[in-house]
Amino acid sequence: MRYLISNAEALAELGDLDAGLYDGTRPVPEDLDDVEFYAMPYGVIDPRFCEPIGRMPRLRVVQTVTAGYDHVLPYLRPGLTLANGRGVHDAATAELAVALTLAARRRLPEFVRSGDGGRWAPVWATGLADTRVLIVGYGSIGAAIERRLAGFEVEISRVARSARPGVQPISELSRLLPEADVVILTTSLTPETEGLVDREFLAAMADGALLVNVSRGRVVDTGALLAELGSGRLHAALDVTDPEPLPADHPLWSAPNVLITPHAGGLTAALAPRARRLLIDQVRRYAAGEPLANVVAP
């Protein structure tokens, strides 16, 4: 078995190759000696899916279906190529980022709580039209978010690690943060971005601004965010947290002005067909000796 992949439909289309299935719902195949290409089951923090890497002596490529790959890096050894799932989650994650932004700006959680109690309680809200949105970590997901915000009459600024046309370098954050009404985090978790949203970052945000995180929880200093939420100065909508899963007694659950979803950004019907197409394309590329897409390491 040269190829161990996580999608049964992709496996069916690769029937001419020596491929096997491991989707995380059954034990790992016993004979891993000949595996060269390992497409991991979908999951972010489950070490079960990374552990087999150490039992594949001929492994050359590790492929994730997730866009984030920080959870895989500790399991890599020299000589391995890591490719991520860039593009697989763009649509679903962008949908949730916009949904969180709208829900927080239009105060939808308050309406839900009022409805649960049978109370008719209209409130004024800030809304989204005429606001300034800053996307931090502008890649394919950031671009997908921008496309979905196109009809909401917002002004968008973009920041990435390095400058390119229309995108400003991360060194410009201190200037851009005070001007933004909404800050959406879509950056990967790297040593450079871990703790990026610290006390100084949050202090630079405008009073009443909303922080939306659909990247990784550890990009944000949770203690610093709790301090700002507790003061009532900032709002947050978080699909990811640090720690994660968030314990039931964690103060984030009861903090004011925060909306939390349980790392559900990619969990829509759009995931499976996009993952299937990516895995088929990557395995075919490897089998033909062609360059892989989405290589993130080395």
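Report on the accompanying structure. Treat the numbers as computed from the prediction; the structure is a model and nothing was measured.

Description of unusual backbone geometry
Note: most peptide bonds trans; most residues except glycine with negative phi.
Move 1: Cis geometry is found at the peptide bond from Asp242 to Pro243, where omega equals 10 degrees.
Move 2: For the bond from Ala297 to Pro298, the omega torsion is 5 degrees, close enough to zero to count as cis.
Move 3: Relative to the helices and strands, Pro298 resides in the segment after strand 13 (295-297).

Here's the deal with the sheet that holds strand 8 (residues 168-169)
Move 1: An order of 8-7-6-9-10-11-12 is seen for the 7 strands of this open sheet, with the pairing classed as parallel. For this open sheet the edge positions go to strand 8 and strand 12 (258-260), each flanked by a neighbour on one side alone.
Move 2: As paired strands, strand 7 (residues 155-160) and strand 8 are joined by 2 bridges and run parallel to one another. For Ala160, the partnering residue across the bridge sits in strand 8 and is Pro169.

Digging into the packing of helix 2 (residues 90-105) against helix 4 (residues 140-149)
Move 1: Put simply, helix 2 and helix 4 touch, their axes get as near as 8 Å, and they point 55 degrees apart. On the basis of the axis angle, helix 2 is oblique to helix 4. Where helix 2 crosses over helix 4, the two elements pack in a sense that is right-handed. From helix 2, Asp90, Ala91, Thr93, Ala94, Glu95, Ala97 and Val98 reach across to helix 4, where they touch Ser140, Ile141, Ala144, Ile145, Arg148 and Leu149.
Move 2: Counted by class, the contact of helix 2 with helix 4 contains 8 nonpolar, 2 polar and 3 charged residues.

Focus on the packing of aromatic side chains
Move 1: Applying the stated criterion across every chain yields a total of 4 aromatic pairs.
Move 2: Ring centres 6.3 Å apart and planes at 50 degrees place the aromatic pair Tyr3 and Phe37 in the tilted group. Taken together, the residues span a long stretch of sequence, with Tyr3 in strand 1 (residues 3-5) and Phe37 in strand 3 (residues 37-39) at a distance of 34 residues.
Move 3: Between Tyr22 and Phe49 the ring centres are 6.3 Å apart and the planes differ by 75 degrees, which places this aromatic pair in the edge-to-face class. Here Tyr22 is found in the loop between strand 2 (19-21) and strand 3, whereas its partner Phe49 is found in the loop between strand 3 and strand 4 (61-63), with 27 residues between them in sequence.
Move 4: Overall, Phe49 belongs to the buried group, its relative accessible area being 6%.

What counts and what doesn't
Residues numbered from 1 in each chain as written. Predicted model: local features only at pLDDT ≥ 70, side-chain atom pairs only at ≥ 80, totals over all residues. Heavy atoms only, no water. Helix = DSSP H or I, 4+ residues; strand = E, 2+ residues; numbered from the N terminus. Pairing = 2+ DSSP bridges. Axes fitted to C-alpha atoms, helices over the stretch in contact; angles between N-to-C directions. Parallel < 35°, antiparallel > 145°, perpendicular 65-115°, else oblique. Left-handed = near helix turned anticlockwise from the far one by under 90°. Contact = heavy atoms within 4.5 Å. Nonpolar A, V, L, I, M, F, W, Y, C, P; charged D, E, K, R; others polar. Phe/Tyr/Trp six-rings, centres within 6.5 Å; stacked < 30°, edge-to-face > 60°. Buried < 20%, exposed > 50% of the residue type's maximum accessible area, 1.4 Å probe, protein only.

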